[in-house]
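# Residue-level structure breakdown
Here is what each chain is made of, one letter per residue.
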Amino acid sequence: MDRRSFLALTVLIAIPDPARAQERIVQTSSGQVRVETIARGLVHPWGLAFLPDGQMLVTERPGRLRLVSRDRGVSAPLAGVPRVFARGQGGLLDVALAPDFASSRWVYLSYAEPGPGGAGTAVARGRLGATGLQDVQVLFRQVPKVDGASHFGSRLVFSRDGRLFVTLGDRFKFSPAQDLASHLGKIVRINPDGTVPADNPFVRGQAARPEIWSYGHRNVQGAALHPKTGDLWVHEMGPRGGDELTIPQAGRNYGWPLVSWGRHYDGRAIPSPATRPDLSGSLRQWTPVIAPSGMTFYTGNLFPGWRGSLLIGGLVARGVIRLTLQGQQVTGEERISLGQRIRDVRQGPDGAVYMLTDEANGEILRLMPAG
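Residues numbered from 1 in each chain as written. Predicted model: local features only at pLDDT ≥ 70, side-chain atom pairs only at ≥ 80, totals over all residues. Heavy atoms only, no water.

## Describing the overall build of the chain
When you go through the chain residue by residue, the secondary structure sums to 2 helices and 25 strands. A globule of 371 residues ought to have a C-alpha radius of gyration of about 21 Å, and the chain, at 20 Å, matches this closely. Here the chain, with 371 residues, has 57% of them falling under the buried criterion. As presented, the chain carries roughly 14400 Å² of accessible surface, and 49% of it is formed by carbon and sulfur atoms. The positive charge centre, built from 43 side chains, and the negative charge centre, built from 31, are 2 Å apart in the chain. (Helix = DSSP H or I, 4+ residues; strand = E, 2+ residues; numbered from the N terminus. Rg over C-alpha atoms; globule rule 2.2 N^0.38 Å. Buried < 20%, exposed > 50% of the residue type's maximum accessible area, 1.4 Å probe, protein only. Areas by Shrake-Rupley, 256 points an atom, 1.4 Å probe, with all protein chains shown as cover. Lys, Arg positive; Asp, Glu negative; His and termini not counted. Charge placed at Lys NZ, Arg CZ, Asp CG, Glu CD.)

## Section: the nonpolar core
Residues Leu-57, Leu-65 and Val-107 are the most contacted members of the largest nonpolar core, which totals 18 residues. For this core, the secondary structure elements donating two or more residues are β5 (64-69), β7 (92-97), β8 (106-115) and β9 (118-128). Not counting the four nearest positions on each side in its chain, Leu-65 is found in contact with Leu-57, Val-58, Thr-59, Ala-76, Pro-77, Leu-78, Val-81, Leu-92, Val-95, Leu-109 and Leu-133. (Core = buried A, V, L, I, M, F, W, Y, C linked by side-chain atoms within 4.5 Å. Contact = heavy atoms within 4.5 Å.)

## A closer look at the packing of aromatic side chains
The tally for this structure, following the rule as stated, stands at 12 aromatic pairs. Note on Tyr-298 and Trp-306: the rings are 6.3 Å apart at their centroids and 80° apart in plane angle, and the pair reads as edge-to-face. Note on accessibility: Tyr-298 and Trp-306 belong to one class, buried. Each residue in the set Phe-172, Phe-174, Trp-256 and Tyr-265 is aromatic and connected to the rest through ring pairs, giving one cluster. In this structure, Arg-125 is placed above the aromatic ring of Trp-106, and the distance from its NZ or CZ to the ring centre is 3.9 Å. A cation over an aromatic ring shows up here: Arg-218 above the ring of Trp-256, its NZ or CZ 5.3 Å from the ring centre. (Phe/Tyr/Trp six-rings, centres within 6.5 Å; stacked < 30°, edge-to-face > 60°. Lys NZ or Arg CZ within 6 Å of the ring centre and 35° of its normal.)

## Let's talk about the environment of Arg-335
The residue Arg-335 is located in strand β22 (residues 329-337) in this model. Accessibility expressed as a relative area gives 49% for Arg-335, which makes it partly exposed. As for Arg-335 and Ala-317, which are separated by 18 residues in sequence, their C-alpha atoms are 8.1 Å apart. Sequence-distant contacts of Arg-335, defined by excluding residues within four places in its chain, comprise Trp-286, Ile-290, Val-320 and Ile-321. Within the structure, Arg-335 has its side chain in polar contact with the side chain of Glu-333 (distance 2.8 Å). (Polar contact = N/O pair within 3.5 Å; in protein donor to acceptor, adjacent residues only side chain to side chain.)

## Describing the sheet that holds strand β19 (residues 292-297)
With antiparallel pairing, the 4 strands of this open sheet are ordered in space as β19-β20-β21-β22. Looking along the sheet, the strands with just one partner apiece sit at the ends: β19 and β22. Strand-to-strand twist across the sheet, computed as the mean angle between neighbouring axes with direction ignored, equals 20°. Direction of pairing for strand β21 (residues 319-326) relative to β22: antiparallel, over a ladder of 8 bridges. (Pairing = 2+ DSSP bridges. Axes fitted to C-alpha atoms, helices over the stretch in contact; angles between N-to-C directions.)

## Describing the pairing of strand β15 (residues 220-225)
With 5 of its 6 residues buried, β15 lies for the most part within the structure. Relative to strand β16 (residues 232-236), β15 is paired through 5 bridges, and the arrangement is antiparallel. Paired with Gly-222 across the bridge in β16 is His-235.

## A few points about the sheet that holds strand β17 (residues 243-246)
Here 4 strands make up an open sheet; going across it, the order is β15-β16-β17-β18 and the pairing antiparallel. For this open sheet the edge positions go to β15 and β18 (284-286), each flanked by a neighbour on one side alone. Sheet twist, expressed as the average angle between the axes of neighbouring strands with direction ignored, equals 15°. Looking at chain direction, β16 and β17 are connected through 3 bridges and run antiparallel. Residue pairing in the sheet places Glu-236 in a bridge with Glu-244 of β17.

Worth remembering: the numbers are spatial, not functional.
This is the structure:
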């Protein structure tokens, strides 16, 4: 998108000049970090993706997709976004670029889609043009659509072989997470055009949805590829306690709602994962909850002490959780308090850490070394 095309979009929200931007300093184990407000006035921003030229695509849960630039501001809503179910936790969710975006211009969106029976998570793609998305196609629809406005997931992650992982919530319906005839409480894997990969674990199961990669999940709102192994890592929200970090493997059952580290909201106990060694376990669990949403592996140079860490946004934790790792082992945890609900965390092309705050007057924050 050239400058003339971008300026055709009315700028609604100014981005502060870096010299005058709202800034504060927070202390971390690696030294002082400067927190900059890059943009504000976004309504519950949910997902962020960097374009090759450094601009950002940002979703707002009510159903708007924005283009954000440090020197040009925040655009008017881009055209072509599908109609969303904007209630409760539903709305426009994640955004990701196709691996071949430079030539194809495909942008992928996940969102809560209304329809007969209620709503469910869907994935669509469109080509980014001068004023928005064109040639929009719906590639995946969660089956079945159900009532309620909770637990839609959803993150989009392309694997190294170009397949697309889509994380889904159980829609607060509990037992369907164990039902292979349902997409509720699953992670699915599809080709970039929405077709089913021939090597998916349940592609030949007559009673199973062929898109399913793993099952027994509750509400997966964070996913990222490990930079060395290429494995998918995810975290999911537990009930009263029991947020979990896992590496989902093909065809494996991760236990929800049969087991959990937490308890039901009404206080009823849930069997511990230790009682079911036949089910797949987690790398780490949090009780009390952090309410994780969004995550990224840090590989940049601006924060040498963070390199190789896993950065997780915390809604209840109101900040960023930094995990140090040794292979598949978590060796340490640091909580960087920001006093705001963090919905997404991304590493920028400049090596800084960018975050979205989950607020009606949401912001894009950037972490930079203070020195």
